[in-house]
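# Per-entry structural report
The chain contents come next:
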Amino acid sequence: MTINLINPFEVRTPEALSAQEVARLFVDVFSDFKKVDDQSHTFIQGPRGTGKSMMLRYMEPDAQIAACKANSIRDLEFFALHIPIKKAWSDITEWDLLDGTMYQYLAEHLMISHITYCLFRSLSKNIEIDDLDKNILECLNRLLVGCGSNEINIDELFTLESLTSHFHTEFNKIKSFVKRLMFFKPETLDYNGGLLSYLDFLVPLLEELKEQPWGCGGPFYLMIDDADLLDTRMQRILNTWVSCRTIDSVCLKVATQNRYSTYRTVDGKLIESPHDYSEVNISELYTRKENRYAKRVKDIIEKRLELVGIHIPVEEFFPEDLAQREKIEEIKSDLKAKHIAGKGRGTRASDDVIRYATPIYMSMLAGKRKSSSTYSYAGFKSMVDLSSGIIRWFIDPAAKMFGELISSNGTRNKEAFNDEGAIAKIPASIQDKVLKEWSHSFIDDELPKIEDRGEEIVENSVYSKVHNLLVSLGMLFRERLLDEEASERKLLSFVLANPESLRSDTKQILSLAVDLGYLQYSSHGSKEGIGRKPKYTLSHRLAPYFQLDPSGYAYSMSITSEMLEIALSSPNRFVRSRLKGNDNSSIYQASLDI
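Reading guide: rules and limits
Residues numbered from 1 in each chain as written. Predicted model: local features only at pLDDT ≥ 70, side-chain atom pairs only at ≥ 80, totals over all residues. Heavy atoms only, no water. Helix = DSSP H or I, 4+ residues; strand = E, 2+ residues; numbered from the N terminus. Buried < 20%, exposed > 50% of the residue type's maximum accessible area, 1.4 Å probe, protein only. Contact = heavy atoms within 4.5 Å. Areas by Shrake-Rupley, 256 points an atom, 1.4 Å probe, with all protein chains shown as cover. Phe/Tyr/Trp six-rings, centres within 6.5 Å; stacked < 30°, edge-to-face > 60°. Arc of directions from axis to C-beta. Polar contact = N/O pair within 3.5 Å; in protein donor to acceptor, adjacent residues only side chain to side chain. Salt bridge = Lys/Arg side-chain N within 4 Å of Asp/Glu carboxyl O. Patch = residues over 30% accessible without salt bridge, like charges linked within 9 Å, V, L, I, M, F, W, Y side chains within 5 Å. pLDDT = per-residue confidence, 0-100. Pairing = 2+ DSSP bridges. Axes fitted to C-alpha atoms, helices over the stretch in contact; angles between N-to-C directions. Core = buried A, V, L, I, M, F, W, Y, C linked by side-chain atoms within 4.5 Å. Parallel < 35°, antiparallel > 145°, perpendicular 65-115°, else oblique. Left-handed = near helix turned anticlockwise from the far one by under 90°. Nonpolar A, V, L, I, M, F, W, Y, C, P; charged D, E, K, R; others polar.

### A short note on the overall build of the chain
Across its full length, the chain holds 21 helices and ten strands. Residues counted as buried form 55% of the 594 residues belonging to the chain. Sequence separation of at least 24 residues holds for 76% of the intrachain contacts in the chain that already meet a minimum separation of 6. For the chain, the exposed surface amounts to about 27400 Å²; the carbon and sulfur share of it is 48%.

Structure representation (structure tokens):
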């Protein structure tokens, strides 16, 4: 049997993709995030895997030209420069040995040296000339001398490659100096190098470069990736740059996970939106706008399929379990009939269908054993729901499914191939198997990594508290799903009723669970109509682990901080305590989450 062996869901980092590959794979999401390519300083927030780096890579000149957005750099509206943080100085741990202005000057010099290195590396890749205009070299030397650095000998022939090497060397020199602080007191080391700065060196250099004949004339976009990995004091330096409002010549595009620690400048002032910067939160948009996210996933996945010659709608390529769908449809019909007969529970028949069809089916599967192990999570919509607004959480399991189908060589899944021997779909059985393994690995394999304790759960450890919190919520939501008397059975989130009473160590556990992707944080208007309360949503990826319905619904359970303390130590006691009394008095209605 001849089959297409190329896995369309193979995951590669955007930095490793060629401009042509980026142009072929990228789905234009700028209509969702218009501020990203606007001429402004922008913070781009979102968990790892939401597509931030892919957006930034697509904005680079070679990718824009490959995507036919322009014929040359001169036709571009901006020159985007990718500046990765993760690999640049993650090995420097000596910053704590410095303080005050010494830290500030050396840290900014390090940052500017790295950005300038990235600048000339990008120019050497994107412009056709090998030699720089002598006027540029004179400007560069004037700026270097003004910052206390040595001149570059302009009598020699300097290429873009040699300038790239020069600033890479300068970057490594300052890294080496900082590392030597481990062996000497800072005041005993004599630093005699330059001190490059944003306003005195980088901005005037970029202003000169953008007016060159090969330039686009528009601003440079400095796309700083993984800025949350910067030292907090470096973030203050970056915020100071943002406060300068240099958008006519330099726009800062700062990509971070949702743990950027400060928005204050070096002198303690707060940068504010929208005066100083715009803000884009990818996960917030995609977890609140279900249809928009589903459409983006559909576009991305169908493009990947087409690139390997599979021209099939995603709903057909990732089919549901047909037998399960038929049974749920029967339940939906019964609910509609009951509503017409005046025996419905909601104001509309469609409300009853959304609220109760899947819970009733899962209850039927559970029976007295309280187990729904045979519930299938297969199907494109289910995979979208499980991915929790993180596109990589769709692509990763899809890649595993495709690989498993290929490894079977069609012997066990002949229905997955068409008459020509090409792959036509991923069988529901493979989807369900991979999704359940993927869900279980999130807790069983990934969670223990937060503490180096192997598989042992040590009482009162960070690991045990996060683990107990997730198990408590999963058990609670599972009990409600199977409760035939409850008016709201599909719950995946809770609102913290009295956040002012939350202990600091519990706040840290909640924050860690959010950082690791097990919970998603938002806020909800209080019942009293005054202020907002914290809302936490269990990652939909965990639905198979706890045997929940991943589609969720527009309601959240209210939980007090005192009850949450119990959840961190005793899941069984937490569930028993929380389910006592009238549940309906503590249900919040919210906008629909996926």
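That was the structure; now back to the text.
### Topic: the packing of aromatic side chains
In the structure shown here, the tally under the stated rule is 25 aromatic pairs. Ring centres of phenylalanine 26 and tyrosine 58 lie 3.9 Å apart, and the angle between their planes is 15°; on these two criteria the pair is classed as stacked. With phenylalanine 26 in the loop between α1 (19–25) and β1 (42–45) and tyrosine 58 in helix α2 (residues 52–59), this pair connects stretches of sequence that are 32 residues apart. Just as phenylalanine 26 is buried, tyrosine 58 falls in that class too.

### Examining the side chain of asparagine 498
With respect to the secondary-structure elements, asparagine 498 resides in the loop between β6 (493–496) and α18 (504–515). Residue classification places asparagine 498 among the buried positions, given a relative accessible area of 13%. With residues near it in sequence (within four places) discarded, asparagine 498 still touches Thr560, Ser561 and Glu562.

### Here's the deal with helix α7 (residues 198–209)
Listed in full, the buried residues belonging to α7 are Tyr198, Phe201, Leu202, Val203, Leu205, Leu206 and Leu209. End-on, the buried residues of α7 take up no more than an arc of 165°, which puts them together on one face. In this structure, the buried residues of α7 make contact with α4 (100–126), α5 (134–146), α6 (160–179), β3 (220–225), α8 (232–243) and β4 (250–256). N-cap assignment for α7: the residue whose side-chain oxygen lies 3.3 Å from the backbone N of aspartate 200 is serine 197.

### With respect to the pattern of salt bridges
Evaluated as defined, the whole model comprises 25 salt bridges. In this structure, glutamate 60 engages arginine 57 in a salt bridge whose closest nitrogen and oxygen atoms are separated by 3.2 Å. Take glutamate 60 and arginine 57: they sit in the same class, and that class is buried. Ionic pairing is found between aspartate 231 and arginine 233, a salt bridge with its closest N-O pair at 3.6 Å. Each of Arg57, Glu60, Asp62 and Lys125 takes part in one network of salt bridges that share partners.

### Some words on the environment of isoleucine 237
In this fold, isoleucine 237 is placed in helix α8. Taking C-alpha positions, isoleucine 237 is 9.7 Å from tyrosine 105, a pair spaced 132 residues apart along the chain. Ignoring sequence-local partners within four residues, the contact set of isoleucine 237 consists of Gln104, Ala107, Glu108, Met111 and Val266.

### A short note on a nonpolar patch on the surface
A surface patch of nonpolar side chains, about 460 Å² in accessible area, is lined by Leu97, Met182, Phe183 and Phe184. Position of methionine 182 relative to the elements: it lies in the loop between α6 and α7.

### Thoughts on the confidence of the model for the chain
Averaged over all residues, the pLDDT of the chain equals 85, while 87% of them reach at least 70. Within the model, pLDDT remains below 50 along residues 590–594, and this stretch shows 25 contacts once partners closer than five positions in the same chain are excluded.

### Notes on the sheet that holds β1
If you trace the five strands from one edge of the open sheet to the other, you get β2-β3-β4-β1-β5, paired in parallel fashion. Every interior strand has two partners, whereas the edge strands, β2 (79–84) and β5 (278–281), have only one. Taken pair by pair, the neighbouring strands of this sheet meet at an average axis angle of 15°, ignoring direction. Bridge analysis of β2 against β3 gives six bridges, and the strand direction is parallel. Residue pairing in the sheet places leucine 81 in a bridge with leucine 222 of β3. Packing against the sheet, α2 makes contact with β1, β2, β3 and β4, and its axis sits at approximately 155° to β3. Across the sheet, α8 lies against β1, β3 and β4, angled at about 140° from β4, the strand it touches most.

### Examining the nonpolar core
Core analysis: the largest hydrophobic core is formed by 86 residues, its most contacted members being Phe9, Ile301, Phe317, Phe318, Phe394 and Leu470. What phenylalanine 317 contacts, discounting residues up to four positions off in sequence, is Phe9, Leu305, Ile310, Ile312, Phe402, Ile423, Ala424, Lys425 and Ile426. Membership of the second largest hydrophobic core comes to 68 residues, among which are Leu110, Ile224, Ile237 and Leu238.

### Quick word on the packing of helix α12 (residues 322–340) against helix α13 (residues 349–366)
Helix-helix packing: each pair is described by the crossing angle between the helix axes and the interaxial distance. Where α12 contacts α13, the axes come no closer than 9 Å and their chain directions differ by 135°. The angle between the axes of α12 and α13 places the two elements in the oblique class. Pair α12 / α13 crosses with right-handed handedness. For the pair formed by α12 and α13, the contact residues are Gln324, Lys327, Ile328, Ile331, Lys332, Leu335, Lys336 and His339 on the first element and Ala349, Asp352, Val353, Tyr356, Ala357, Thr358, Ile360, Tyr361 and Met364 on the second. Along the lines of polarity and charge, the residues of the contact of α12 with α13 split into ten nonpolar, three polar and four charged.

### Concerning unusual backbone geometry
Even without being glycine, aspartate 226 reaches a positive phi, approximately 60°. Here aspartate 226 lies in the loop between β3 and α8. According to the relative accessible area criterion, aspartate 226 is buried, its value standing at 12%. The phi angle at serine 388 is positive, at roughly 55°, despite the residue not being glycine.

### Remarks on the environment of glycine 389
Within the fold, glycine 389 resides in the loop between α14 (380–386) and α15 (392–408). Spatially, the C-alpha atoms of glycine 389 and alanine 294 are 8.8 Å apart, while their sequence positions differ by 95 residues.

### Some words on the packing of α4 against α6
One way to put it is that α4 packs onto α6 with a least axis distance of 8 Å and a crossing angle of 160°. When the axis of α4 is compared with that of α6, the two are roughly antiparallel. Here α4 runs over α6; the crossing is left-handed. Within the contact between the two elements, α4 uses Leu106, His109, Leu110, Ser113, His114, Thr116, Tyr117, Phe120, Arg121, Leu123 and Ser124 and α6 uses Leu160, Glu161, Leu163, Thr164, Phe167, His168, Phe171, Ile174, Lys175 and Phe177. Looking at the contact of α4 with α6, its residues break down into eleven nonpolar, seven polar and three charged.

### Overview of α2
Where burial is concerned, most of α2 is hidden: seven out of the eight residues are buried. What α2 keeps buried is the set Lys52, Met54, Met55, Leu56, Arg57, Tyr58 and Met59.

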